[in-house]
Every structure is written in structure tokens, then in C-alpha cells.
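# Summary of the model geometry
Below are the chains, spelled out letter by letter.
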Amino acid sequence: MFQDHRSVLELLYRVSREFASALDLKTVLTRVLFAAINNVGGERASIVVMDDNERVVESAIVYGNQLRESTTIQLKDTVDRGLAGWVVRNRQPALVPDTSKDSRWLRRQDDAQDRSGAKSAISVPLLSREKMVGVLTLVHSVPNAYGDEHLELMQAIADQAGVAIVNARLFTESQRQARVMTSLAEGAVNINTSLHMEQVFESILNQTKQALQVETAALGMVEQPGGEIVYRAAIGENSDKLVGKRIKAKEGIAGIVVRDGRGVLLPAASEDARLAEAEHLPGGNTRALSCAPIHAQGKVIGVLQAFNPLTKVFDPDALLVLTGLGGLAGSTIQNAQLFESLDVARQRYRDLFEDSIDPIVITDLQGTIVEANRQASTLSAHPTDKLHQFLIEQMHDINFEKTGRKFEKIGDSTIVYESTLYDSLGGTHPVEVYVRKVVFDEAESIQWILRDITERKDLDALREDLTAMIYHDLRSPLANILSSIDMIATVIPTSEIETSEPILKIAYQSLDRIQRLINSLLDLTRLEQNQPVGEQQAIAVSILFEGALEAVKPGAEGHNQTIKISLADLLPPVLIDVDMIRRVLINLMENAVKYTPQKGEIAVGAERDGEFVRIFVQDNGPGIPEADRERIFDKFTRLKNKNGPGGLGVGLAFCKLAVQGHGGRIWVEAVPAPGKGSRFIFTLPVAKKEE
Ligand code: ADP
């Protein structure tokens, strides 16, 4: 058959070039088969191609000069049990001179002696870099048709074929990947063009329909809580009634995809019982269905579905492409959601800004007004557009000490000061200004809230007037009453003293209370103006306590309360304005009496604390919430307590100023658990020896 090596080499050269010039697997296989038949001889040649797992993925037969494709099922037997299988398992060529005498040959009907079937055969492995990529078999209708030289030539052709097949496979794979990549890249470009949800949905679906070549595409979102899937958008045939339809949690193909986080492809869907009702397009029109999850931040937020490919069957890459599009859709939908919520937030800020009962003005960092709300326009009596040309300092007196001359002190935390706002009619309004930096329309800006405090100022003034009135107009009549009672006391006949004494006592106690209140009010005003406390003298704490106790005892007894006094041993005297501090102590004790229930227990005591003596007044009343423990010492602060005792809210304010006027401190603590109530504590300076 072969004259010499040279012609063999020439043949191989030709064959290898022929193989290498084709990149499509089918063409390569056809060429290999014809090369085998034409150069080695025989009636029939077959070839199977296997993947890395030695599964047959492609095959072809040439018989009587005719190519037959899709022969995989036909060739399955010989790979499983016949000669090709032997070659695969042994990775060796096989020469069968007589098929009737070789057990490797899987006999068929037409192989019998008297029939035209195979009588001899030759089968070689197709190898590429030691890897099995297929088997090439050649059969002859005459026994002993092949010898070793045929086997060698076959193997030489097979070696060339092995390389060509691997190349063709790589090429197909890279083409497939390129197709997937192109679809996804197009998807990414088109899907990302909008931030508006409806448009985002639409472009995702357009992209899906186009990339997968399907009749219909739909998008469902998982609703929380509950996990129901709702079709939010759909395009293509029979899609118009889909939007708004729901699939119950965990139901349908969508449910499976959400649960597993993985895509599903159903080539024959019409009979599939797993489909939810909504997934059957109208008229039972779901023939094939592919469904992929839409992921965002590790969670499945929806599904993307492609119905009925135009070419009747889905492309092998359909699921891959759909899954890719699902991935793209996830981040895009999320961006659109964020954008929408940002939009809502922005609108809400706008509404709040406009509807705020406080005037709000936004300026740039130099103080030029860029935005002003309705209320700002009302209070300043300037139309909004007029305000836009103003500098903020034309509107009100800026406290530059707090803001900085160039507003450099204004930051994220709010600066507060009182000021005056000037309106266009020449009027002025007291305002409390809250300033801080904000981002407005994406630019660093300054927000000025100019709260109109006219009413509060009026009220404060009224309170001041009232206080002034109380102590000026009550003090002298009170002094008169006191001296009148003193007089009466001296003229009561001895026989009447027993009956009149308790009455006089009540009168004295009441007068004392009113006087204390008036004096405290007077002190409060003086101390508020930073005037020093009156004359101080050294006094034993026990004497201070006695004086206070005398004043509050009747009240406590009326409530059946007990007052426990605990004075530490060897307490030094304190240096104080005795009358003032006595009133402080009485005030705290009266509060204790006021806020402690019937039969409650009040404890007062003192102990040394370095250069100070620490005095406490403790009750078992309702206690004071932590958040209020500082502000109750402010003037006019009264905690909300519907049925609680009445008061003015100036007692503790006076106590604080009085104690501070002596260089001491006052605060309130909760009574340690399991007790309940408040413990007011204040410190007074110890009197030095020489004083
Ligand atoms: P007034 O008692 O006249 O209201 P104060 O300045 O003495 O004013 O007290 C301010 C507020 O602090 C009271 O309204 C009350 O809510 C609260 N308070 C004061 N002392 C006590 C106390 N011992 N227990 C509970 N709440 C108290």
C-alpha cells in the first residue's frame, strides 16, 4: 500500500493540514473519517468524541461515502461494551483481523459470515496530551483486511485528529464564552442606562428577550415579609396580564429558584406540575421556561424568567446568559431602589423644609442665602426670591463669636444663640438661632433655623414681673401681719393662752412659709444677677438641721411620715449664710414630704467630704428619671406628673444658685436598688478654725 516513508509523511502532512484548516468540530470529524477510509481503506468509519469525563459528546459515521450525524445512541453500545470501549479502557489501538473470532467485537446481525457486515476492524484511541479525546474505528467487509502497517497509519492519522479535535473544542468553547460575554456586556451597558425602576425593569426584559431569543420575558420581585413573588414587569407575547400576578412563597419554578439561589431550565414546561398557576402564560402557553435568580448583596430579591424560545429549544447557553443577566439586574435594581429612596428622602426633606413652623434659611459657606422656606419669608416679610439676594447677616444679628467671623466654627454639631431678626417693615423679632452645616443639593451649605421666640420672651417677662410683684407687694403687708400677730399674742389673757396657742402656732408657721418663699424668690433674682451671698457665719450642722426640722415636721406628721436624721461624728461647723441654707434644706425636705407617699420615710444626714460637708435628703417617692436629673434644677422646670402636687418650679433653681453661691455643688441621685426614690445631695464649705 505504501511505497515508502516519504509518501506516508506526505500523506500525514496533507491530512494534518486538512484537519487543522477546519475549526468546526463537525467538519473536523468528517474530514478525519474520510481521511481514514480513503487512506487506510474500509467500508465504514466511525468516530466518537469524549469530554474530560469520558462521556461521548459527539459522534459521526461515514458509510458508503455518506456522512451520518447524531449517531451517538447508535455508537453507545460499542463504547460501553464493544471494541471502542476496549480501546478507551486500555488506551491502546486494537486490530481485529476476524470479527467472528474476537471477543472484543460486539457482534451485530449483519456481521455473520454470509452477510455484508464487518469482518475485520481496526480501532485507535484519539489522544491529545495523554488525554483520551475519542476513538476512531474502521471496519472492512473482508476478514484479514488490515495489518500492522494499517494500524500504524491509522494511529498516525488519529494523532493528528486528536489535536484537531481538541482545537475545535477549544474554539467552540471560546466562541460560546464570547457569545455569553457579548450578551452580558450588552446587557450591562443597556440595563445600567437608567435609575428609574420602571425603565430598569424594561431594559432588563428587553435584554433578556433579545439575548435568549424568547417570545416572552418577565421579572418578579420577592416581597418582604412573606416572600411572595410578584410579577413587576413583563414583555412579549401573552405578557400583558402577567404584571401584578403573584406566586406564593416557595411555590412554582420561581419559588424553587428563590429557595436554591440557582437558575433552572425546563425544555418541556407545559406538563410540568411544579409550575405555579401564574407561570402558565394565558392559554397554557408556557412550552419551555428558564428562570434565574436576581441576587443583591447575597440575597435573592427576585427572579428573571424567559418563556418559549423562538427556535423551539433553548440554546445550551441560555441558562448561563439568563443567570448572568439576573446578576446584572440585581445590582441595577438595587441602585434604582436606593435612588428612589433617596428621592423620597429628598422630597421629604423638601416638604419638612417648606412646612416647618420655624423659619429655615440655607446659605452657602459665605453666607449668601440660596434657599428660604415659607416661614422665613413670612417672618422677615420679604418674598422668597428677594431673600435669595441677601446675606444671612442682613436678616439677623449673627453671634460671630460662636460662628466665627468667616463661619469657620460652624460644623456638624448645632450652634445655638439668641438674636434679633429684622423684617422688611422695620420690625424686630427675638429669635433663637440653630446653625449647622448641611449638604443641600449636593453642596456643602449652612442651615440656619431662626425660631421665633417672641412668645417665650413675653412669657419670661411676665414671669419676671409676677415674681417682682410677689415680693414687692407681699413683703410689707406680710411684715404688718407678723407684727399684728405679735401684738395680739401679747394681749391674750392668760386664761385664753391654752386655746389660742395652737392657733397662733399655725399662723406663725404659715407666715414663716410665705416669708421663706418670698426670700427665696428674692435671693434667686439676686443670685441670678451674680450678686454674692449675704453674710456667712460658722454654724454646727446639727443646729442647721434642727431649724429645718422644726419647719417641716408639721407637714411630715400630717402625712404620717418619719424623718430619720443621721449625723456623722465630729462634724466640723460649716461657713454659711444661715438663713439661706436653712431655706435650701427646708426646700429639699419639703419636696421630700411632698413627693413621698403617706407613711413614707425621709432620711437626712451629713458627713465630711474633705473641705466640705456633704448633706443629703432622701425620700422613697417616685424618684426622678435620669434624663431629668439635671434640668429639674432649672427655673420653672416641673416634671410631668398628672396628679402630683403643685408648685412653681423655682425651689430647686434657688437651691442650686444658693449652694453654688457658697462654692458647693448640688445634684440628685436615684436611691440604690432595691429602694426607690430620690437622694438630693449638696456640699457646704467647712468653716476654718480662725474664722
Ligand atoms: P416645685 O416642687 O415647686 O415644682 P422644684 O424646683 O422644687 O419645684 O422641683 C422641680 C421639680 O422636680 C418638681 O416639679 C418635681 O417634678 C421634681 N422633684 C423635686 N423634688 C422631687 C422629689 N423629692 N421626688 C420627685 N420629684 C421631685
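Refer to the structure presented above.
An account of the accompanying structure is given in this report. On a predicted model such as this, the values are computed, not experimentally measured, just so you know.

### Topic: the packing of aromatic side chains
Inspection of every chain in the model, using the stated rule, returns six aromatic pairs. Between Phe353 and Phe440, the aromatic rings sit 6.2 Å apart at their centres with planes inclined by 45°, giving tilted as the arrangement. Within this pair, whereas Phe353 is found in helix α8 (residues 318-355), its partner Phe440 is found in strand β16 (residues 428-440), the two being separated by 87 residues in sequence. This pair shows no difference in class: Phe353 is buried, exactly as Phe440 is. Taking the centre distance of 6.1 Å and the plane angle of 75° together, the rings of Phe633 and Phe680 count as edge-to-face.

### Comments concerning a negative patch on the surface
On the surface, a cluster of negative charge is made up of Glu198, Glu202, Glu340 and Asp343. Elements with a minimum of two residues in the negative patch: α6 (197-212) and α8.

### Looking at the environment of Ala276
Relative to the helices and strands, Ala276 resides in the loop between β10 (264-266) and β11 (289-296). Classification of Ala276 as buried rests on a relative accessible area of 11%. When the C-alpha atoms of Ala276 and Gln224 are compared, they prove to be 19 Å apart, with 52 residues separating the residues in sequence. If we ignore the near neighbours within four places in the chain, the residues touching Ala276 are Ile247, Gly252 and Ile253.

### Description of the packing of helix α14 (residues 497-528) against helix α17 (residues 651-661)
Between α14 and α17, the shortest axis-to-axis distance is 9 Å and the interhelical angle comes to 55°. Relative to α17, the element α14 lies oblique. In this structure, α14 crosses over α17, and the sense of that crossing is left-handed. Listed contacts from α17 to Ser520, Asp523, Leu524, Leu527 and Glu528 of α14 are Ala653, Phe654, Leu657 and Ala658. Split into classes, the residues belonging to the contact of α14 with α17 amount to six nonpolar, one polar and two charged.

Thresholds applied
Residues numbered from 1 in each chain as written. Predicted model: local features only at pLDDT ≥ 70, side-chain atom pairs only at ≥ 80, totals over all residues. Heavy atoms only, no water. Phe/Tyr/Trp six-rings, centres within 6.5 Å; stacked < 30°, edge-to-face > 60°. Helix = DSSP H or I, 4+ residues; strand = E, 2+ residues; numbered from the N terminus. Buried < 20%, exposed > 50% of the residue type's maximum accessible area, 1.4 Å probe, protein only. Patch = residues over 30% accessible without salt bridge, like charges linked within 9 Å, V, L, I, M, F, W, Y side chains within 5 Å. Areas by Shrake-Rupley, 256 points an atom, 1.4 Å probe, with all protein chains shown as cover. Salt bridge = Lys/Arg side-chain N within 4 Å of Asp/Glu carboxyl O. Lys, Arg positive; Asp, Glu negative; His and termini not counted. Charge placed at Lys NZ, Arg CZ, Asp CG, Glu CD. Contact = heavy atoms within 4.5 Å. Axes fitted to C-alpha atoms, helices over the stretch in contact; angles between N-to-C directions. Parallel < 35°, antiparallel > 145°, perpendicular 65-115°, else oblique. Left-handed = near helix turned anticlockwise from the far one by under 90°. Nonpolar A, V, L, I, M, F, W, Y, C, P; charged D, E, K, R; others polar.

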